[in-house]
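# Coordinate analysis (summary)
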Amino acid sequence: MLLIAVAVKIAVISGTRRTVMRAQHDLFTAYLKYLNAEDAVFQSLSFSADDNLPSPAGQTIKLVLKDPLGRKWIFKPCLSDRFPGTGEPLCCADKFNSITVYRIYKLLGIATPRISFVNLRINGKTLSGALQEYVPNEGVLFKKTVAYLSPEACAYLHKTQVVDWIFANHDANLTNFLVLAYASDISPRYLMRVDNESSLRGIRNYQLRYDTDDPLKIVLNPRDRGRIGSAYYWFWKNYIRGRLDYNVCSSADFISFVRGFPEEYIQKILFYQCARPPVLSGENRGFGAYIRNADLQTSDILKRKRESTVDFETFYRGISREKKERYESCHCTDESRLRYIADLTAGIISETGRLKKELEVLKETPPFASDITVVFSLEGMREVQKVYAAYWIYGGKGLREATESSLASLRRLMSPALAAGERKALEIYAEEIMKIQKGGVPVKKMTAINQIIVSAQSP
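Parameters at a glance
- All residue numbers here refer to positions counted from 1 along the written sequence of the relevant chain.
- In view of the model being predicted, local features appear only for residues whose pLDDT reaches at least 70, and side-chain atom pairs are presented and counted only at 80 or more, with totals across whole chains, interfaces and linings using the full set of residues.
- Think of the side-chain values as coming from all heavy atoms in the structure, minus any hydrogens and water.
- Strands are runs of DSSP state E lasting at least two residues, helices are runs of H or I lasting at least four, and both sets are numbered from the N terminus onward.
- Working definition: with a 1.4 Å probe on protein chains only, accessible area under 20% of the residue-type maximum means buried, over 50% means exposed, and in between means partly exposed.
- Should any heavy atoms of two residues lie within 4.5 Å, those residues are counted as being in contact.
- One less than the number of residues in a helix, times 1.5 Å, gives the span that helix is expected to have.
- We define a salt bridge as a contact between a side-chain nitrogen of Lys or Arg and a carboxyl oxygen of Asp or Glu at a distance within 4 Å.
- The criterion for an aromatic pair is that two Phe, Tyr or Trp rings (for Trp, the six-membered ring) have centres within 6.5 Å, with stacked assigned to planes under 30 degrees apart, edge-to-face to planes over 60 apart and tilted to the rest.
- Here, the term disulfide refers to a pair of cysteine sulfur atoms separated by no more than 2.5 Å.
- Note on pairing: two strands pair once DSSP finds at least 2 bridges between them.
- Orientation is described by lines fitted to C-alpha atoms, with helices fitted over the stretch in contact, and by angles between N-to-C directions that extend from 0 to 180 degrees.
- Comment on the angle field: the value is read as roughly parallel under 35 degrees, roughly antiparallel over 145, roughly perpendicular from 65 to 115, and oblique elsewhere.
- For a crossing to be left-handed, the near helix must be turned anticlockwise from the far one by less than a right angle; the clockwise case is right-handed.
- Three classes are used, and their members are as follows: Ala, Val, Leu, Ile, Met, Phe, Trp, Tyr, Cys and Pro are nonpolar, Asp, Glu, Lys and Arg are charged, and the others, Gly among them, are polar.
- The predictor rates its confidence in each residue with pLDDT, a number between 0 and 100.

A few words now on the overall build of the chain. Helix and strand counts for the chain stand at 13 helices and eight strands. Across the 459 residues in the chain, those meeting the buried criterion constitute 51%. Here the contacts in the chain between residues at least 6 apart in sequence split such that 73% fall between residues at least 24 apart.

Here it is, written out as structure tokens:
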């Protein structure tokens, strides 16, 4: 009888595993159809400059555009290399990082803006970069509102931390979380993660920790503790202090789902673009750099995925010690995981249908001209960055040399500039640098460099 009971139990477990595997397969099949529909939509979009939305802040250069349906998009062009000294993501490899992490987020059921790699014709020049949909929001998360997060916002942060840890997403700055809606004046209800360029990094010797303000909870130096940038640091800090109404075990099903997700599917998303390698403008070699790095990081990514339940259980034990509470292990069942997969699959199928309808509307809507006219010069903006770096980052060291060099470069750029928008932009950049050269203060700090002019201003 005992042998029969054991055999029955093994059969039940085996049957459940097969059911889970079929559900995962159905989810991934539906997801690939979603990606195909999304690609078709991106390929059908055309744009013009948008003058009704301020150029967004941040370290990366951005342009605000609109499509024929009136929706707003943010274009982040990439340069051929990384500008020394700023740590700013400029090369195309970082754009592919952000797109891959977006696709992973989407596959795992975490809301984040659509983003794709595109080549756009701007002022007569083809620029490569990432195109991200603009999501209406109430601003970004900031330190004093974290203590008032809703349970939904807590769960969102918890899930993004899991994925960010696995995929080594270093930049979890508070400003990278949009507040989509407030439950009250100071209580963020819904959040959305943006700006994932700083992902897929090497973190082999790092540790998942709660007591440091590093985006990945990494302690490399005890003096690093207590900084004020990471949303995850402040989330767990307020949780430990008892300010948040949240049960950490509410995300146990999600972590179990991520841990058990087939590794072959994860790898297919990491290298999804290989089937249709993008053509990059200028001297960019970013896609090859992305593939080499993804190939290098894959084994560590999969290792962190396999160990995620153990890592986060250890993490929770540390949290419980800090709260001086008894630790209770989190549990989940195959049934709850199946429900999560079923809901996620249904949502992806529904969104795929919406994208197909969107594509039909775009086909019937007159497109914008292929060349976008805007007051902007990517090369010129880079010269301004050099001066801003000398002023803000290096405390004025090398400022005179930087201004002289950048002014000379801007003059060289003006001669071949045929588009009126580019010429006007170069003149504005030169005026900004000459003002600094004479002792003036820059219009904006490095983190808002793209706001020295309204990027969508008509020439």
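Following the structure, the description resumes.
Here we come to the environment of Phe167. Inspection of the secondary structure assignment puts Phe167 in the loop between helix 4 (151-166) and strand 6 (177-184). For Phe167, a relative accessible area of 4% corresponds to the buried category. Put simply, Phe167 and Arg201 are 34 residues apart on the chain and 7.7 Å apart in space, counted from C-alpha to C-alpha. Residues contacting Phe167, with those up to four places away along its chain left out, are Ile104, Ser199, Leu200, Arg201, Ile266, Leu270, Ile301 and Arg304.

The terminal C-alpha atoms of helix 11 (residues 378-393), which comprises 16 residues, lie 21 Å apart, in line with the 22 Å expected from a rise of 1.5 Å per residue. Looking at the buried residues of helix 11, the elements they touch are strand 3 (72-77), strand 5 (125-133), helix 12 (399-414) and helix 13 (420-437).

Another aspect to go through is the pattern of salt bridges. Applying the stated criterion across every chain, the model contains 26 salt bridges. In this structure, Lys435 engages Glu432 in a salt bridge whose closest nitrogen and oxygen atoms are separated by 3.3 Å. Here Lys435 and its partner Glu432 are both found in helix 13, three residues apart, which amounts to about one turn of the helix. The class of Lys435 is partly exposed, set by a relative accessible area of 32%.

Here we take up the packing of aromatic side chains. The tally for this structure, following the rule as stated, stands at 25 aromatic pairs. A centroid spacing of 5.8 Å and a plane angle of 55° characterise the contact between Phe312 and Phe315, whose relative ring orientation is tilted. Pair noted here: Phe312 and Phe315 are both in helix 9 (residues 308-323), with a separation of three residues, about one helical turn. Residue Phe312 shares its accessibility class with Phe315, and that shared class is buried. Ring centres of Tyr391 and Trp392 lie 4.9 Å apart, and the angle between their planes is 70°; on these two criteria the pair is classed as edge-to-face. By relative accessible area, which is 24% here, Tyr391 ends up partly exposed. A residue is classified by how much of its surface remains accessible, and Trp392, at 30% relative accessible area, is partly exposed. Joined through ring pairs, the aromatic side chains of Phe28, Tyr31, Tyr34, Phe254, Phe257, Phe261, Tyr265 and Tyr340 make up one cluster.

One pass over the full model with this rule turns up two disulfides. Note on cysteine connectivity: Cys249 is disulfide-linked to Cys330, with sulfurs 2.0 Å apart. Between Cys249 and Cys330, the disulfide has an S-S torsion of -80° and is therefore left-handed. Of this pair, Cys249 sits in the loop between helix 5 (231-240) and helix 6 (252-259) while Cys330 is found in the loop between helix 9 and helix 10 (334-364), placing the two residues 81 residues apart along the sequence. A relative accessible area of 19% means that Cys330 is categorised as buried. Look at the chain and number its bonded cysteines as they come in the sequence; the links are 1-2, 3-4.

A separate point is the sheet that holds strand 5. Within a beta sheet, neighbouring strands are joined by backbone hydrogen bonds and run either parallel or antiparallel to one another. Here we have six strands laid out as an open sheet, ordered 1-2-3-5-4-8, and mixed in their pairing. Only two strands of the sheet have a single partner each, and these edge strands are strand 1 (48-49) and strand 8 (371-372). Examined bridge by bridge, strand 2 (residues 63-66) and strand 3 share four bridges and lie antiparallel to one another. When the sheet's bridge partners are listed, Lys66 is paired in strand 3 with Lys72.

In the contact formed by helix 11 and helix 13, the axes pass within 9 Å of each other and the chain directions differ by 15°. The angle between helix 11 and helix 13 places the two elements in the roughly parallel class. Note on packing geometry: the crossing formed by helix 11 with helix 13 is left-handed. Of helix 13, the residues touching helix 11 (which contributes Glu379, Gly380, Met381, Glu383, Val384, Val387, Tyr388 and Tyr391) are Glu422, Leu426, Tyr429, Glu432, Ile433 and Ile436. For the contact of helix 11 with helix 13, the residue count by class is nine nonpolar, one polar and four charged.

Turning our eyes to something else, we now look at the confidence of the model for the chain. Of all residues in the chain, 83% have pLDDT values of 70 or greater, and the mean over the chain is 85. Mean pLDDT across the secondary structure elements of the chain bottoms out at helix 1 (residues 2-44), with 79, and peaks at helix 7 (residues 263-270), with 97. Within the model, the stretch residues 5-13 combines pLDDT values under 50 with zero contacts to residues more than four positions away or in other chains. Note on residues 82-90: pLDDT under 50 across the span, and 34 contacts to partners over four residues away in sequence or across chains.

A positive phi angle is found at Ala168, which is not glycine, with a value near 50°. By the secondary structure assignment, Ala168 is in the loop between helix 4 and strand 6. With a relative accessible area of 0%, Ala168 lands in the buried category. Backbone geometry places Asp195, a non-glycine residue, at a positive phi of 60°.

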